[in-house]
Amino acid sequence: MSTDGYRIAVVGATGQVGTLMLALLREREFPAREVVAFASERSVGNVLGGAAPDGGDLLVQGLSEESIQGFDLALFSAGGSISGEWAPRFAAAGAAVIDNSSRWRMQEDVPLVVSEVNPDALDSHRGIIANPNCSTMQMVVALKPIYDEAGIERLVISTYQAVSGTGKRAVDELLDQTHALLHEREIDTPDTYAHQIAFNALPHAGDFAVGEDHTDEELKLINETRKILGDPSIRISATCVRVPVVNGHSEAVNVQTRSELSPERARELLAAAPGVTVLDDPSAALYPLAIDASGQDGVFVGRIRRDRGHERALDMWIVADNLRKGAATNAVELAELLHERGLVHGQRTPSVA
Ligand SMILES: NC(=O)c1ccc[n+]([C@@H]2O[C@H](COP(=O)([O-])OP(=O)(O)OC[C@H]3O[C@@H](n4cnc5c(N)ncnc54)[C@H](OP(=O)(O)O)[C@@H]3O)[C@@H](O)[C@H]2O)c1
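Presented here is an overview of the structure given in this document. What you are looking at is a predicted structure, and each value in this text was computed from that prediction instead of being measured.

Regarding the packing of aromatic side chains
Across all of its chains, the model carries 6 aromatic pairs by this definition. Ring centres of Phe 38 and Phe 90 lie 5.9 Å apart, and the angle between their planes is 80°; on these two criteria the pair is classed as edge-to-face. Remark: Phe 90 occurs in helix H2 (residues 80–92) and Phe 38 occurs in strand S2 (residues 32–38); sequence separation between them is 52 residues. An identical accessibility class is assigned to Phe 38 and Phe 90; each is buried.

Spelled out as structure tokens, the structure:
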């Protein structure tokens with residue numbers, strides 16, 4: 001292993017997002033001197049084969065005041081309560097924290113950053129940086145060039161979200177239910193979701209707080225989009241639906257712009273936008289699909305067309321891998337930006353690999 005580079009903590013290293021963050025740090029040759037994998041007490045002592053930057057194994061550790069000392073960077077994907085408790089402690093110990101949970105996203109002094117959309121927000125970080133919600137992330141990558149050209153007055157969003165967005169247990173539940181039903185067996189009582197997810201569509205992605213008629217996922221889409229684009233005046237309607245797709249979120253988005261924008265010009269803008277691939281030839285059945293986006297780092301846009309009910313609105317279909325661009329890829333891109341901009345706390349003259 002190189003003696004140069006950063007000492008990096010990956011918290012939630014055994015999870016779907018954590019596993020991918022480890023792989024991306026390795027594949028993108030992020031300048032890491034050492035990576036330490038943290039997970040729950042259940043996993044402490046387990047070995048993550050080939051997960052180290054040099055392809056060696058990592059031994060899973062537990063979080064303690066002693067074990068979190070001496071890091072330059074900490075990438076968190078262990079849920080909101082772990083981030084609430086441990087992200088400030090890592091930051092106080094000198095690490096720059098990039099957090100995948102929703103815990104810090106709406107806090108005023110915490111930048112909420114998408115690498116292609118608002119990278120300059122990183123400049124003001126004070127130790128914790130928030131990675132947006134997956135469905136927000138992919139949408140704002142596609143909306144940014146439209147926003148810059150024509151402004152955005154209103155969005156009407158319907159999502160078709162994969163079960164991997166809920167965690168590993170949800171993927172197992174979909175596969176178990178599907179297998180049972182195909183073999184004409186009764187399914188177990190649903191555990192992760194309120195209803196059977198196999199062969200179904202649940203208008204209930206996220207959770208309803210008592211007395212709230214929107215799920216927290218819908219509220220994240222509304223609030224995080226405004227924060228990232230820096231425009232609280234955008235009016236947003238969101239319905240988040242969980243569908244029996246293993247991985248890759250799809251979104252039907254109606255975009256009402258402030259000035260008129262033709263579908264042709266929108267296609268041109270999107271084709272030139274960083275991180276976006278336009279797949280838009282419906283007569284040849286070419287449009288983005290979750291199964292194709294899964295495993296890819298980009299955001300895919302198609303079905304770009306004039307809303308026939310509004311002269312200043314366009315409809316489009318936006319698809320991305322929720323575990324990659326929706327979480328791990330953006331987190332590692334933010335780490336790269338912090339490195340390039342000299343914004344990593346506790347930096348020890350790292351050298352680029
Ligand atoms: N899935 C997505 O599409 C997506 C997108 C954006 C953001 N996120 C966010 O990323 C986070 C993780 O999602 P995921 O899909 O990767 O979940 P996951 O597969 O269920 O993994 C959860 C990870 O958290 C660890 N963990 C749980 N309790 C812990 C504790 N007390 N101390 C330390 N580590 C603990 C788990 O360790 P064990 O293996 O030991 O249990 C595991 O490594 C969540 O905050 C989620 O909201 C997910």
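Still more to cover.
A closer look at the sheet that holds strand S10 (residues 249–257)
A sheet is described by the order of its strands in space; here 6 strands give the open sequence S9-S8-S10-S13-S12-S11, paired in mixed fashion. The strands lining the two open edges of the sheet, one partner per strand, are strand S9 (235–242) and strand S11 (276–278). Across the sheet, the mean angle from the axis of one strand to that of its neighbour is 20°, orientation sign disregarded. Here strand S12 (residues 299–306) runs beside strand S13 (residues 313–320); their pairing, made up of 6 bridges, is antiparallel. Across the sheet, Val 301 pairs through a bridge with Ile 318, a residue of S13. Seen against the sheet, helix H5 (residues 216–229) touches strand S8 (152–161) and S9 and runs at an angle of roughly 140° to S9. Lying on the sheet, helix H6 (residues 263–272) is in contact with S11, S12 and S13; it crosses S12 at an angle near 170°.

A few points about the sheet that holds S2
A sheet is described by the order of its strands in space; here 5 strands give the open sequence S2-S1-S5-S6-S7, paired in parallel fashion. The open sheet has two edge strands, S2 and strand S7 (128–130), and neither has a second partner. Taken pair by pair, the neighbouring strands of this sheet meet at an average axis angle of 20°, ignoring direction. Pairing between strand S1 (residues 6–11) and strand S5 (residues 73–76): 4 bridges, direction parallel. Across the sheet, the residue bridging to Val 11 is Phe 76, located in S5.

Let's talk about the site of the ligand
Looking at the ligand, there are 26 residues lining it, with Thr 14, Gln 16, Ser 40, Arg 42 and Ser 43 nearest. Note that an oxygen atom of the ligand is positioned 3.0 Å from one of the backbone N or O atoms of Gly 15. Broken down by secondary-structure element, the contributors of at least two residues to the shell around the ligand are helix H1 (16–27) and helix H8 (324–340). Tallied by class, the residues present in the shell around the ligand amount to 9 nonpolar, 15 polar and 2 charged.

Concerning the nonpolar core
The biggest cluster of nonpolar side chains holds 58 residues, and the ones touching the most others in it are Phe 90, Leu 155, Val 301 and Met 316. By residue number, the principal contributor to this core is helix H3 (residues 134–150), which donates 9 residues. Dropping the residues within four chain positions of it, Leu 155 is found in contact with Met 139, Leu 143, Thr 225, Ile 234, Arg 235, Ile 236, Ser 237, Val 253, Asn 254 and Val 255. Among the nonpolar cores identified, the runner-up in size contains 38 residues, and Ala 13, Phe 30, Ala 39 and Ala 331 belong to it.

Definitions and cut-offs
- Residues numbered from 1 in each chain as written.
- Predicted model: local features only at pLDDT ≥ 70, side-chain atom pairs only at ≥ 80, totals over all residues.
- Heavy atoms only, no water.
- Phe/Tyr/Trp six-rings, centres within 6.5 Å; stacked < 30°, edge-to-face > 60°.
- Helix = DSSP H or I, 4+ residues; strand = E, 2+ residues; numbered from the N terminus.
- Buried < 20%, exposed > 50% of the residue type's maximum accessible area, 1.4 Å probe, protein only.
- Pairing = 2+ DSSP bridges.
- Axes fitted to C-alpha atoms, helices over the stretch in contact; angles between N-to-C directions.
- Contact = heavy atoms within 4.5 Å.
- Near = heavy atom within 4 Å.
- Polar contact = N/O pair within 3.5 Å; in protein donor to acceptor, adjacent residues only side chain to side chain.
- Nonpolar A, V, L, I, M, F, W, Y, C, P; charged D, E, K, R; others polar.
- Core = buried A, V, L, I, M, F, W, Y, C linked by side-chain atoms within 4.5 Å.

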